[in-house]
Amino acid sequence: MSCLQTIQDYGLRAVGIGERLLPRDDFTLCQQFTLIGSGMIWNIYFGVLALIAGFFFATALGVGKSSTNPWFRKPAEWLIFIFRGSPLFIQFFFGYFLFLTLKSQYAFFDPFTAAWLGALIVLFLNTAAYSGEIFYGALLSIPKGDVEAADAYGLTGWNRFRRVIWPTMLRLAWPAYTNEAIFLFHATTLVFFSGFPAWQQRGDALYYASYFADKTFNPFVPYPILAGYFILLTIIVISIFGLINGRLNRHLPQTQRSKMRLRPNLIR
Amino acid sequence: MFPFCADPEQLDSLRWTLCYLTTGKHMNLYWSVLTVLVLLGITAPVALSFGFAGASAARSAFAPLRWFGKTYIALVRGVPDIAFFLFFVIALDQAIEYVRHRVLCPDWSEPVRQGNDFVVCQAAKMPLGEAPQWVHETYGFFIAVLTFAIVFGAFAANVLFGAMRAVPHAQLETAAAYGMSTRQTFWRVLVPQMWVYALPGLSNLWMVLIKATPLLFLLGVEDIVYWARELGGSKTPRFTDYPHGDWRMWYFLGLLVFYLAFTRVSEIALDRLMKRLTHGQATAGGEAQRKAAA
């Protein structure tokens, strides 16, 4: 079987298109590359959707936490504390069993026990909490002069937020937010190890990598392949976020632009 | 556990709960909480020493050692940590067995890796095939500790490397001017001063380490996640005296609260430690303390 044939059979296996059965023996390098790469579809799916949806909620949480009104502040503080203070792994388990319990009573919750929706919701809330804290920190460090200038121009309420506070907050938070995005993509690998079933063996990259490691009892091939894919993904994320960073800082002189600094990845 | 637990069907709900929560299997759950604490207790210092070694190596004047330190630190960037966990557990196990195989069975001619199998001689198995169950469990636990230490050692190395660079350079130059050797400067000037710069990073790391402990489950240790799943699943009256529905949600809620409480307590403790360490330091925090006292 040629490599092209393998790619045709397994390239979209993670979303259920192509060959039904996973390879059982005589694993080729091509099969491992193709299947693990196919699993990356799920990692990108979870990461991108959770990041986009989480961004807006995180802004709301950041603003809520810095609000003086306790009716906004307290819920935001608690949500951030709960999702940042507990392991994501436990959150996945709890979310899955919560949806399972709800499903037994209301048919509406049927799709929530599947990974594509249930895990996405957990990831969405998790990333919103982490980014919300970042945005809160950025809101606190907005230069006093910027806000005073906005007041002097007669900007108030929504206009002041939209034109002055929000862009400055994003500019200050962006390097940390880039790290958060990278962690989020790494965190997506936990999904299929935490209760959410991989229906018809449609799993993510790590699911297939550990499948190969179990079958061949040789971790030295699939995990480095997985690592390679993730390093590639990390580089793509960094370059996209770098472009946005450039746009956010375009009004500043070259020397004053905030540099993107990367911190080592950490588990949550 | 209690004498009145003999016939659970006759009990009122409060006593039933009390008896239910003290069954033998629940004792296993409580033991596994202890396992987590032991893991943290062992891993934290080991990872810190790995980190210290890594950071010192990355600063070394001897190029290969420096490359080794930098590679070790850089290795953990860009790759999901859970992949490291899954990788190291098998890789360490195989490395140990391979070395024992080479030493103990020198006249073995067949290759170790035969297709999809990893074959070593009986004497090289780790632990030995006839060893009792607890040896297997302890061995698995220590492989897990070593894995945690390697991964978190790299994080700690990164933090300590940054902290070593944050110590004002004038201090090191002064030490050199006093005629101290490189070694003396390192141990007497650099190391005592770096902790205050390292503490924020290290306390962050401690929080992350706490939150990484449920991953023990993936390493095949019977930890709290394992027992929560086991105990929470629905039980029929045929197999247990305490039948109940699917309670896994509540067990995991309990774990969630446990971790929240643990991180909160650590947060408070680390805040206090930071206050003590910044006392009298030439940093913004130390200056603020001085002004508040005056």
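Only a predicted model underlies this, so the values are computations on that prediction, with no experimental measurement involved.

Caption draft 1: Spotlight on a nonpolar patch on the surface. The grouping of Ile44, Val48, Leu49, Ile52 and Phe56 of chain A at the surface amounts to a nonpolar patch, some 440 Å² of accessible area in total. Secondary-structure assignment places Ile44 of chain A in helix α2 (residues 29–65).

Caption draft 2: Expanded view of the packing of helix α2 (residues 24–59) of chain B against helix α8 (residues 224–232) of chain B. All names here are of chain B. Running from amino to carboxyl end, α2 crosses α8 at an angle of 160°, the nearest separation of the two axes being 8 Å. For the element pair α2 / α8, the angle class is roughly antiparallel. The handedness of the crossing between α2 and α8 comes out as left-handed. Of the residues in α8, those in contact with Lys25, His26, Asn28, Leu29, Ser32, Val33 and Val36 of α2 are Ile224, Trp227, Ala228 and Leu231. Its residues assigned to classes, the contact of α2 with α8 comprises seven nonpolar, three polar and one charged.

Caption draft 3: Summary view of the state of the cysteines. Residues and elements named next belong to chain A. Enumeration over the complete set of coordinates arrives at one disulfide over all chains. Two residues share a disulfide in this structure: Cys3 and Cys30, whose sulfurs sit 2.1 Å from each other. When the S-S torsion is 90°, as for the bridge of Cys3 with Cys30, the disulfide is right-handed. Highlighted residues: Cys3 in helix α1 (residues 3–10) and Cys30 in helix α2, separated in sequence by 27 residues.

Caption draft 4: Up close: the pattern of salt bridges. Residues and elements named next belong to chain A. Applying the stated criterion across every chain yields a total of six salt bridges over all chains. Close ionic contact of Glu133 with Lys65 constitutes a salt bridge, the shortest N to O distance being 2.9 Å. In this pair, Glu133 is assigned in helix α5 (residues 115–140) and Lys65 in helix α2, connecting sequence segments 68 residues apart. Here Arg160 and Asp151 are joined by a salt bridge, their closest N and O atoms 2.9 Å apart. By relative accessible area, Arg160 is classed as partly exposed at 25%. Given the relative accessible area of 41%, Asp151 is considered partly exposed. One salt-bridge network, in which partners are shared between bridges, spans Arg73, Lys74 and Glu77.

Caption draft 5: Focus on the interface of chain A and chain B. Taken together, the contact pairs 43 residues of chain A with 42 residues of chain B. Summed over both partners, the interface of chain A with chain B buries about 3,900 Å², with 76% contributed by carbon and sulfur atoms. Seen at the junction of chain A and chain B, the total is four residue pairs in polar contact (both at pLDDT 80 or more). When residues of the side of chain A that touches chain B are traced back to their parent elements, those giving at least two are α3 (70–85), α4 (88–105), α8 (205–216) and α9 (222–248) of chain A. In the side of chain A that touches chain B, the residues fall into 28 nonpolar, twelve polar and three charged.

Caption draft 6: Spotlight on unusual backbone geometry. All names here are of chain A. At Gln200, a residue that is not glycine, the phi angle is positive and equals roughly 50°. Here Gln200 is to be found in the loop between α7 (157–187) and α8. The exposure class assigned to Gln200 is partly exposed, which follows from its relative accessible area of 32%. Positive phi values are uncommon outside glycine, yet Gln201 reaches one of about 55°. Tracing the backbone shows Gln201 in the loop between α7 and α8.

Cut-offs and rules
Residues numbered from 1 in each chain as written. Chains lettered and ligands numbered in written order. Predicted model: local features only at pLDDT ≥ 70, side-chain atom pairs only at ≥ 80, totals over all residues. Heavy atoms only, no water. Patch = residues over 30% accessible without salt bridge, like charges linked within 9 Å, V, L, I, M, F, W, Y side chains within 5 Å. Areas by Shrake-Rupley, 256 points an atom, 1.4 Å probe, with all protein chains shown as cover. Salt bridge = Lys/Arg side-chain N within 4 Å of Asp/Glu carboxyl O. Helix = DSSP H or I, 4+ residues; strand = E, 2+ residues; numbered from the N terminus. Axes fitted to C-alpha atoms, helices over the stretch in contact; angles between N-to-C directions. Parallel < 35°, antiparallel > 145°, perpendicular 65-115°, else oblique. Left-handed = near helix turned anticlockwise from the far one by under 90°. Contact = heavy atoms within 4.5 Å. Nonpolar A, V, L, I, M, F, W, Y, C, P; charged D, E, K, R; others polar. Disulfide = S-S within 2.5 Å. Buried < 20%, exposed > 50% of the residue type's maximum accessible area, 1.4 Å probe, protein only. Buried area = accessible area lost by both parts, 1.4 Å probe. Polar contact = N/O pair within 3.5 Å; in protein donor to acceptor, adjacent residues only side chain to side chain.

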